[in-house]
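Structural overview
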Amino acid sequence: MTSLVMVGAEMLNWSDLTPLNGRPATGGRVPAALLDAVLKPTDSVLVAGPHSLDLLEQVVGATASVDALVRSAPDAEEIAARIPGRVYCGALDRFSSEDAYDVIVALDGLHRLVGPDTPVLTWFDALAALRKRLAPEGRLLLAAENSFGIERLIQPNLATVANDQAWPRDLFGSVEPPAGLKAVQDALGTSATTYAVYPDLADPSVALTGTDTPLAGVTIARAVASRYTGPMMSDPYRLMQDAIAAGLGTELAPGWYFVIGAADVPDVLPGDAVPTGSGILLEEYLLDALRVDDQAAIRRTVPGYVSWLLAQDTEIASIASADNVIVDGTSYQVFGDGEPVEGRGEALVVSQLARFVRRSLEAGSRQSWTVGESTRGLTALFASMAGITLTEALWASVAPGNKQPQPVGSAEQVATIARLTKELSEAATQAIYFERQLSSIRRSRAYRIGIAVMNPAKVVVRRARRRVRRVRRRVGR
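Now for a description of the structure that goes with this document. (Residues numbered from 1 in each chain as written. Predicted model: local features only at pLDDT ≥ 70, side-chain atom pairs only at ≥ 80, totals over all residues. Heavy atoms only, no water.)

1. Description of the nonpolar core
With 57 residues, the main nonpolar core has Leu 110, Leu 188, Tyr 198 and Met 240 as its most contacted residues. Aside from chain neighbours lying at most four places away, what touches Leu 110 is Trp 123, Ala 126, Leu 127, Leu 130, Leu 142 and Val 175. Grouped together as the second largest cluster of nonpolar side chains are 39 residues, Leu 55, Val 103, Val 105 and Val 197 included. (Core = buried A, V, L, I, M, F, W, Y, C linked by side-chain atoms within 4.5 Å. Buried < 20%, exposed > 50% of the residue type's maximum accessible area, 1.4 Å probe, protein only. Contact = heavy atoms within 4.5 Å.)

2. Re a positive patch on the surface
Taken together, the side chains of Arg 462, Arg 463, Arg 465, Arg 466, Arg 467, Arg 469, Arg 470, Arg 473 and Arg 474 make up a positively charged region of the molecular surface. Positionally, Arg 463 belongs in helix H16 (residues 445-476). You can call Arg 463 partly exposed: its relative accessible area is 48%. (Patch = residues over 30% accessible without salt bridge, like charges linked within 9 Å, V, L, I, M, F, W, Y side chains within 5 Å. Areas by Shrake-Rupley, 256 points an atom, 1.4 Å probe, with all protein chains shown as cover. Salt bridge = Lys/Arg side-chain N within 4 Å of Asp/Glu carboxyl O. Lys, Arg positive; Asp, Glu negative; His and termini not counted. Charge placed at Lys NZ, Arg CZ, Asp CG, Glu CD. Helix = DSSP H or I, 4+ residues; strand = E, 2+ residues; numbered from the N terminus.)

3. A look at the packing of aromatic side chains
On inspection of all chains with the given rule, the structure shows seven aromatic pairs. Seen in terms of ring centroids, Trp 123 and Phe 124 are 5.4 Å apart; in terms of plane orientation they differ by 90°. Their pairing is edge-to-face. By relative accessible area, which is 46% here, Phe 124 ends up partly exposed. Three or more aromatic residues joined by ring pairs form one cluster here, namely Tyr 305, Trp 308 and Tyr 332. Residue placement shows Arg 359 over the ring face of Tyr 237; its charged tip is 4.8 Å from the ring centre. (Phe/Tyr/Trp six-rings, centres within 6.5 Å; stacked < 30°, edge-to-face > 60°. Lys NZ or Arg CZ within 6 Å of the ring centre and 35° of its normal.)

4. Brief notes about the packing of helix H9 (residues 282-291) against helix H10 (residues 295-311)
Close contact between H9 and H10 brings their axes to 10 Å; oriented N to C, the two are set at 155°. It follows from the interaxial angle that H9 and H10 lie roughly antiparallel. At the point where H9 passes H10, the crossing takes the left-handed sense. Residue-level inspection shows Leu 282, Tyr 285, Leu 286, Ala 289 and Leu 290 of H9 in contact with H10, the latter providing Ala 297, Ile 298, Arg 300, Thr 301, Val 302 and Tyr 305. Residues belonging to the contact of H9 with H10 are distributed by class as follows: nine nonpolar, one polar and one charged. (Axes fitted to C-alpha atoms, helices over the stretch in contact; angles between N-to-C directions. Parallel < 35°, antiparallel > 145°, perpendicular 65-115°, else oblique. Left-handed = near helix turned anticlockwise from the far one by under 90°. Nonpolar A, V, L, I, M, F, W, Y, C, P; charged D, E, K, R; others polar.)

5. Re the sheet that holds strand S11 (residues 280-281)
Two orientations exist for strands paired in a sheet by backbone hydrogen bonds: parallel and antiparallel. Strand order in the open sheet formed by three strands is S11-S12-S13, with antiparallel pairing between adjacent strands. Strands with a single pairing partner mark the edges of an open sheet, and in this sheet they are S11 and strand S13 (331-334). Two elements, strand S12 (residues 325-328) and S13, share four bridges in a ladder whose sense is antiparallel. Within S13, the residue paired with Asp 328 across the bridge is Ser 331. (Pairing = 2+ DSSP bridges.)

Here is the structure:
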């Protein structure tokens with residue numbers, strides 16, 4: 001039997017489950033996987049803050065008892081109609097229950113546990129209030145948003161007008177977490193297990209305790225790239241790959257999950273998010289080779305990839321793009337589901353090579369050949385490494401339109417312009433040098449003697465040709 005308890009500072013005309021101009025309540029596969037790993041059938045649980053109704057029902061089905069604390073009165077009524085137990089409506093600082101819980105779930109963070117009637121409540125005070133309600137040996141599942149996450153380097157925040165949630169607060173009373181991962185970890189203690197959550201806390205795709213492996217980097221980069229559209233300062237996929245390579249995957253995560261008091265939690269949420277095994281993404285290997293102009297590595301790798309690709313059935317080969325294949329020495333394997341391309345045989349190979357070329361141009365990658373930065377020219381070059389001639393008919397069957405790929409982000413655009421400007425300057429310098437060399441040759445004595453010798457011979461040849469033409473005309477009459 002559900003009971004609805006008003007504790008004070010309730011928000012009567014507000015919803016966090018379905019907000020008009022804010023982020024929705026936390027939900028999805030990632031928090032569901034964490035709850036599966038932590039909850040036990042005998043647990044008493046407090047769910048603090050807005051969580052999706054699906055997550056609440058999951059907690060109800062997995063534990064002995066569930067209470068919920070939300071600030072929104074409409075949300076509290078909706079939750080009370082869906083779950084048994086007590087639903088407390090109001091702010092955390094008014095929540096005076098003395099009950100102790102085996103598990104407290106706050107995977108939305110702490111900032112939506114208070115409303116405009118609570119101008120002063122620090123993040124540390126809110127954390128202490130939750131911890132006070134933990135039973136001995138209890139477990140706390142907490143989320144914290146990163147104030148300097150990777151999204152600040154990808155896309156500018158165009159929201160110049162504050163939304164409805166930006167009510168006045170005391171300068172020293174913000175419920176926002178401290179800045180930086182280390183500050184949050186210091187507040188929680190060394191026993192907390194930390195997950196880097198991507199691409200955001202509202203609907204994450206993956207959470208990892210370690211982000212320093214190539215396959216984890218690919219998974220994170222894909223999750224981030226799929227979430228952003230419109231004008232961007234940097235290519236999200238490439239930026240995320242570079243951040244992972246620099247060991248900053250956890251520090252730059254949009255948010256974190258912290259698990260306190262629970263042992264043997266999985267390293268990846270959900271468990272199938274990151275493929276197992278070793279190796280590196282083929283695209284990353286080729287781009288690294290382009291970056292240092294290692295043409296030999298490219299000429300070795302492309303024929304091997306093409307041979308492997310032609311040996312696969314059409315279903316596998318259609319998704320085996322360079323950005324979806326793991327290379328480990330001379331072995332190749334498909335990374336995930338991938339985006340299928342059309343074609344069979346050589347047409348399929350050319351389609352996959354053209355996809356790599358487009359992605360490298362969109363990333364502003366350096367190119368090692370002077371064939372012009374056109375999709376067709378570079379695709380023909382890569383195809384020739386595997387013994388395939390890119391004919392007009394073959395290109396027409398796979399050409400992805402006539403639009404030239406453009407760098408995705410402003411940073412890549414500036415880098416591409418700078419590189420092309422440098423190459424143009426070098427070409428102009430070479431042209432001036434060759435013009436000077438040619439002028440010097442023309443002024444040389446040997447050249448003048450040669451011209452003097454060759455000019456009479458040219459006159460004789462021209463006269464002979466004219467005679468032959470006259471004879472032919474007479475014969476024709």
